[in-house]
Amino acid sequence: MKYAIGIKGWSVVGQIILTPKIEDTPKFYKYDQISKRFYHYVDCVNDILVTREDCIGLECAAVWDPHHIAERLLDEKLGRPSKWGEHMKAENR
């Protein structure tokens, strides 16, 4: 969500130089609640129909509210699973 950063959200406190690994386009999956189908997310128009197994291990493309982002970062720092991330895993659908 754009509103997580800026005037009403978190302040930008710095910047980093992107490494080739960081610049790689991440791979996400999408799950259609109506058709119960899985897709590899490309660009909202050209998504690729795949099986559930093809999505295991990928993050679900989703819009996260600022409090969900903060909880996920805290869980990562503390080495515990995120309830939000676990809920969105392909293997749990």
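Residues numbered from 1 in each chain as written. Predicted model: local features only at pLDDT ≥ 70, side-chain atom pairs only at ≥ 80, totals over all residues. Heavy atoms only, no water.

J.: Run through the pattern of salt bridges, naming residues and quoting values.
T.: According to the stated counting rule, one finds five salt bridges in the structure shown. Close ionic contact of Asp 47 with Lys 30 constitutes a salt bridge, the shortest N to O distance being 2.6 Å. Taken together, the positions of Asp 47 in the loop between strand E2 (37-40) and strand E3 (48-50) and Lys 30 in strand E1 (residues 28-32) put the pair 17 residues apart, joining distant regions of the chain. Judged by its relative accessible area of 26%, Lys 30 falls in the partly exposed class. With its nearest N and O atoms 3.8 Å apart, the salt bridge here joins Glu 53 to Arg 52. (Salt bridge = Lys/Arg side-chain N within 4 Å of Asp/Glu carboxyl O. Helix = DSSP H or I, 4+ residues; strand = E, 2+ residues; numbered from the N terminus. Buried < 20%, exposed > 50% of the residue type's maximum accessible area, 1.4 Å probe, protein only.)

J.: A description of the environment of His 67 should follow, citing residues and the corresponding values.
T.: Inspection of the secondary structure puts His 67 in helix H2 (residues 66-78). Given a relative accessible area of 47%, His 67 falls into the partly exposed group.

J.: Lay out the packing of aromatic side chains in plain terms, naming residues and giving numbers.
T.: Under the counting rule described, the total for this entry stands at two aromatic pairs. Taken together, a centroid distance of 5.8 Å and an interplanar angle of 40° make the contact between Tyr 29 and Phe 38 tilted. Overall, the relative accessible area of 0% leaves Tyr 29 in the buried class. A residue is classified by how much of its surface remains accessible, and Phe 38, at 7% relative accessible area, is buried. An angle of 50° between the planes, with centres 4.7 Å apart, marks the rings of Tyr 31 and Phe 38 as tilted. Assigned by exposure class, Tyr 31 and Phe 38 land together as buried. Taken together, the ring pairs in this structure connect Tyr 29, Tyr 31 and Phe 38 into an aromatic cluster. In this arrangement the basic side chain of Arg 72 is found over the ring face of Trp 64, its NZ or CZ atom lying 4.3 Å from the centre. (Phe/Tyr/Trp six-rings, centres within 6.5 Å; stacked < 30°, edge-to-face > 60°. Lys NZ or Arg CZ within 6 Å of the ring centre and 35° of its normal.)

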